Amino acid sequence: LEDQYSPSRWSRRLDRDTIIDAHLEVTAAGTERARASAQTLLHVPYGNGDGEKLDIYFPTNPSESFPVLVYIHGGYWQCLSKDDSGFAAPPLVSQGVAVVAVGYDIAPKGHMDAMVLQVRRSLVFLMEQYPRIRGIYLCGHSAGAHLAAMVLSTDWTEFQVVPDIKGAVLVSGVYDLEPILHTYVNDALHMSREVAQRNSPMRHVTPAVPAACEVLVAVAQHDSPEFRRQSQEHGQALRAAGWSVSLLDLAGVDHFNIIEKLSEDSYILTQV
């Protein structure tokens, strides 16, 4: 399991020690470029917690109302931040889409229940603050895909707002947290079995409501067999519950550049 849940061991491009640093460099540099070229609102608080802030990248030519891609970063719930999460904005803002990078309190400060709640609350905040939003599209990578998948299982009645989620792009995610309990990843998270079960999207797939959003489950050729299995099974579980699901198995990429390439206009995932 240690091996299967260490994405850096499966890349063919770089060795496991350099690939994480390379990923941090690429996403940070891409975010810097995005901030320099787009109209932005940075560090917008959606709550009172330190980590509860958003970065908003506005469309180049915003129409009366515009769609929003909400990006939820990965980092195994314990590293990365919204400050490295704007790299996907340039191709999208040029097409009239706003991009929002969500911050949340990562471990050890953040607890899994709290992170899931923060991401849900960030969407409620967006709906209330920006009535011009025409549809929310979630995009999460790795741990962020887990959080995006948890958003899809939300009972919104307690929030008094139902975000208009039109689509979700789940990229190289973890949808059953049980195996994580037995790995180094849980050293910082301190999840109990109950917490892991409560926050496993695989265990909380809700029946699709009419006109429910479309879900795209993407996985990399050079993701580990466990990551590939989890994507496959979660896609099947959603489909069995009536969701509209497509599975995209991307050749020639690994756990890291599958998402880094979203900064490129011609990349298949950007196009989709």
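How each quantity is defined
Residues numbered from 1 in each chain as written. Predicted model: local features only at pLDDT ≥ 70, side-chain atom pairs only at ≥ 80, totals over all residues. Heavy atoms only, no water. Salt bridge = Lys/Arg side-chain N within 4 Å of Asp/Glu carboxyl O. Helix = DSSP H or I, 4+ residues; strand = E, 2+ residues; numbered from the N terminus. Buried < 20%, exposed > 50% of the residue type's maximum accessible area, 1.4 Å probe, protein only. Core = buried A, V, L, I, M, F, W, Y, C linked by side-chain atoms within 4.5 Å. Contact = heavy atoms within 4.5 Å. Polar contact = N/O pair within 3.5 Å; in protein donor to acceptor, adjacent residues only side chain to side chain. Pairing = 2+ DSSP bridges. Axes fitted to C-alpha atoms, helices over the stretch in contact; angles between N-to-C directions. Parallel < 35°, antiparallel > 145°, perpendicular 65-115°, else oblique. Left-handed = near helix turned anticlockwise from the far one by under 90°. Nonpolar A, V, L, I, M, F, W, Y, C, P; charged D, E, K, R; others polar.

By the naming in an unreviewed UniProt entry, the protein goes by KFA formamidase and is assigned to Rhadina sibilatrix.

Time to look at the pattern of salt bridges. Following the criterion strictly, the structure yields 17 salt bridges and no others. The closest approach of N and O atoms between K109 and D50, which form a salt bridge, is 3.2 Å. On the criterion of sequence distance, the pair formed by K109 in the loop between β4 (98–102) and α3 (112–129) and D50 in the loop between β1 (39–45) and β2 (53–58) is long-range, its members being 59 residues apart. With respect to burial, K109 and D50 carry one shared label: exposed. Among the salt bridges present, the one from D105 reaches K109, with a minimum N-O distance of 3.8 Å. By relative accessible area, which is 14% here, D105 ends up buried. Each of the salt bridges in this network shares a partner with another, and the network as a whole consists of R35, D55, K82 and D83.

This part covers the nonpolar core. Ranked by internal contacts, the top residues of the largest apolar core, which has 60 residues, are V70, W77 and L138. The contact partners of V70, leaving out residues within four places of it in the chain, are V100, V102, L123, L126, I136, Y137, L138 and C139. The next biggest cluster of nonpolar side chains, apart from the first, holds 26 residues, and it includes A38, F87, A89 and L269.

Along the chain, E178 turns up in the loop between β6 (165–171) and α5 (186–189). Here R193 takes part through its side chain, which lies 2.5 Å from a polar atom of the side chain of E178. If we skip the residues at most four places from it in the chain, E178 touches R193, A196, Q197, S200 and R203.

Now for the sheet that holds β4. The strands making up a sheet associate through backbone hydrogen bonding, with each pair oriented either parallel or antiparallel. Pairing is mixed in the open sheet, where eight strands are placed in the order β1-β2-β4-β3-β5-β6-β7-β8. A single partner strand is all that each edge strand has here, and the edge strands are β1 and β8 (244–254). Direction aside, the axes of adjacent strands within the sheet are offset by 20 degrees on average. One ladder, built from six bridges, connects strand β3 (residues 66–72) with strand β5 (residues 133–141); its direction is parallel. Within β5, the residue paired with V70 across the bridge is L138. Set on the sheet, helix α4 (residues 143–152) makes contact with β3, β5, β6 and β7 (214–222); between it and β5 the angle comes to about 135 degrees. Across the face of the sheet, helix α7 (residues 225–240) comes into contact with β6, β7 and β8 while running at roughly 160 degrees to β7.

The geometry of α3 relative to α4 is characterised by a closest axis approach of 10 Å and an angle of 65 degrees between their N-to-C directions. In terms of axis orientation, α3 runs roughly perpendicular to α4. α4 is crossed by α3, and the crossing has right-handed handedness. Facing M112, M115, V116, V119, R120 and L123 of α3, the residues of α4 in contact are H146, L147, M150 and V151. For the contact of α3 with α4, the residue count by class is eight nonpolar, one polar and one charged.

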